[in-house]
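# A look at the structure
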Amino acid sequence: MQNCLNFALIMNIDCMKRYLLIHLALLISVAVGAQAKWNSRYQAYIDQYKDLAIAEMLKYNIPASITLAQGLLESGAGTSELTRNSNNHFGIKCHNWSGATTRHDDDERQECFRAYRDAYESYEDHSRFLVSQPRYRKLFKLDVTDYKGWAKGLKSCGYATNPAYAKQLIGIIELYQLHRYDKAKKYDKFMVDRSAVKDAAYGANLHPIYIYNKNYYVKARKGDTFKSISKEVGISYKKLAKYNERDKDDKLVEGEIIYLKKKQKKAEKAYKDRPHRVKAGESMYSIAQNYGIRLSSLYKMNGLKADYSIKVNDILRVR
């Protein structure tokens, strides 16, 4: 009888272990899925605004990592209602403010927040807000690379009521290695100018900007033209077409890549010893776009004439 009880007990323990392992695996799976989605959204925001954060750092001596981390946290990586509707990336309220305002539920219902015409104004006001407030003065005695000191200082000086605010900022900075921008000596003026696009005119419909092969690009949406993208990014539609080796009146296909600068002559270094094998449906042009290189360079690298018709399984150098 005792042996049966012991056996039953062992079986129950084994079942419990199996249950816990399965449950843990499910939790890990969900967490990994959530992290992947979160990472993508945060990284897109970083690509979009890192140069603006660097520009503000060089002007006001506020760590770019801190500015970016605060922007990510306060705006939900640009997806919060306050950011989408009012371009307020830092959750700054109306105290001592004579500019445009909006109402938003926060600690209390329908609190007054500052509203801006574009992301540039929000970042600039965030810098001026910190510089002009006496309670933040001690932070400017810290080294610009001391992101931990800045994070803890912002919390102790009352920027946010969340007791975990400093830890959240430090966690974001370290996860995305934002501290590497604190040593930057220059920034991309194009991306800073891009931040001054009057976002309110486009609402949440601004095209995300991606970075690849030392270039920036957007993905065309249904109904896009070179002219419509031109108005948003502030680049002549004729230049956009030229950068993409197209006619200015060409129709754009949903999902295709549109580069915002002149393309490189070679693919990224990772493709030095990795030639491209042509797949069905590809063209020399689509391959050049995928690698962010000029079509003429792709022909030249492979010793091909402009009238050459590629075939499936052809091997092409891309660098």
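In short, a report on the structure. Since we're looking at a predicted model, the values are computed, not measured.

What follows is about the overall build of the chain. Looking only at helices and strands, the chain features 11 helices and 7 strands. When contacts within the chain are restricted to residue pairs at least 6 apart in sequence, long-range pairs at least 24 apart make up 61% of them. When the accessible surface of the chain is split by element, carbon and sulfur atoms take 54% of a total near 18500 Å².

In this structure the tally under the stated criterion is 14 salt bridges. Ionic pairing is found between glutamate 121 and arginine 117, a salt bridge with its closest N-O pair at 2.6 Å. Between arginine 246 and glutamate 256 there is a salt bridge, with the nearest N and O atoms lying 2.8 Å from each other. A residue pair is termed long-range when its members are at least 10 positions apart, and arginine 246 in the loop between helix H9 (237-243) and strand E5 (257-259) and glutamate 256 in the loop between H9 and E5 qualify at 10 residues. Taken as a pair, arginine 246 and glutamate 256 share a single burial class, namely buried. Salt bridges sharing partners connect three or more residues here, namely Lys59, Glu124 and Arg128.

Turning our attention to the nonpolar core. With 45 residues, the main nonpolar core has Leu72, Tyr123, Leu130, Tyr136, Leu154, Tyr159 and Leu178 as its most contacted residues. Contributing elements (two or more residues each) for this core: helix H1 (2-60), helix H2 (64-75), helix H4 (119-132), helix H5 (147-156) and helix H6 (165-175). If you tally residues by element for this core, the top one is H1, at 10 residues. Among residues more than four places away in sequence, those in contact with tyrosine 159 are Gln70, Glu74, Phe90, Ile92, His126, Phe129, Leu130, Tyr136, Leu154 and Tyr165. Tyr259, Tyr285, Met301 and Ile310 belong to the second largest nonpolar core, which has 20 residues in total.

Within helix H10 (residues 284-291), 6 of the 8 residues are buried, leaving the element largely enclosed by the surrounding structure. If you check which residues of H10 are buried, you get Met284, Tyr285, Ile287, Ala288, Gln289 and Tyr291. Looking one or two residues past H10, glycine 292 carries a phi angle of roughly 70 degrees, positive in sign.

For the pair H2 and H5, the least separation of the axes is 9 Å and the interaxial angle reads 45 degrees. By the angle class used here, H2 and H5 are oblique. Relative to H5, H2 is oriented so that their crossing is right-handed. Counted together, Ser65, Ile66 and Gln70 of H2 and Tyr147, Trp150, Ala151 and Leu154 of H5 form the full contact between these two elements. Per-class residue counts for the contact of H2 with H5 are 5 nonpolar, 2 polar and no charged.

This part covers the environment of alanine 160. Relative to the helices and strands, alanine 160 is located in the loop between H5 and H6. Residues alanine 160 and glycine 91, 69 residues apart in the sequence, show an inter-C-alpha distance of 9.5 Å. Leaving out residues up to four positions away in the same chain, alanine 160 has contacts with Leu154, Lys155 and Tyr165.

All right, on to the packing of aromatic side chains then. The final tally for this structure, using the stated rule, is 14 aromatic pairs. Seen in terms of ring centroids, tyrosine 42 and tyrosine 176 are 5.7 Å apart; in terms of plane orientation they differ by 25 degrees. Their pairing is stacked. Of this pair, tyrosine 42 sits in helix H1 while tyrosine 176 sits in the loop between H6 and helix H7 (189-195), and the two are 134 residues apart along the sequence. A relative accessible area of 7% places tyrosine 42 in the buried class. Take tyrosine 176: its relative accessible area is 5%, and that puts it in the buried class. Judged by centre distance (4.9 Å) and plane angle (75 degrees), the rings of phenylalanine 90 and tyrosine 123 are edge-to-face. One end of the pair, phenylalanine 90, is in the loop between helix H3 (81-86) and strand E1 (101-104); the other, tyrosine 123, is in helix H4, with 33 residues separating them in the sequence. Neither residue differs from the other here; phenylalanine 90 and tyrosine 123 are each classed as buried.

Definitions and cut-offs
- Residues numbered from 1 in each chain as written.
- Predicted model: local features only at pLDDT ≥ 70, side-chain atom pairs only at ≥ 80, totals over all residues.
- Heavy atoms only, no water.
- Helix = DSSP H or I, 4+ residues; strand = E, 2+ residues; numbered from the N terminus.
- Contact = heavy atoms within 4.5 Å.
- Areas by Shrake-Rupley, 256 points an atom, 1.4 Å probe, with all protein chains shown as cover.
- Salt bridge = Lys/Arg side-chain N within 4 Å of Asp/Glu carboxyl O.
- Buried < 20%, exposed > 50% of the residue type's maximum accessible area, 1.4 Å probe, protein only.
- Core = buried A, V, L, I, M, F, W, Y, C linked by side-chain atoms within 4.5 Å.
- Axes fitted to C-alpha atoms, helices over the stretch in contact; angles between N-to-C directions.
- Parallel < 35°, antiparallel > 145°, perpendicular 65-115°, else oblique.
- Left-handed = near helix turned anticlockwise from the far one by under 90°.
- Nonpolar A, V, L, I, M, F, W, Y, C, P; charged D, E, K, R; others polar.
- Phe/Tyr/Trp six-rings, centres within 6.5 Å; stacked < 30°, edge-to-face > 60°.

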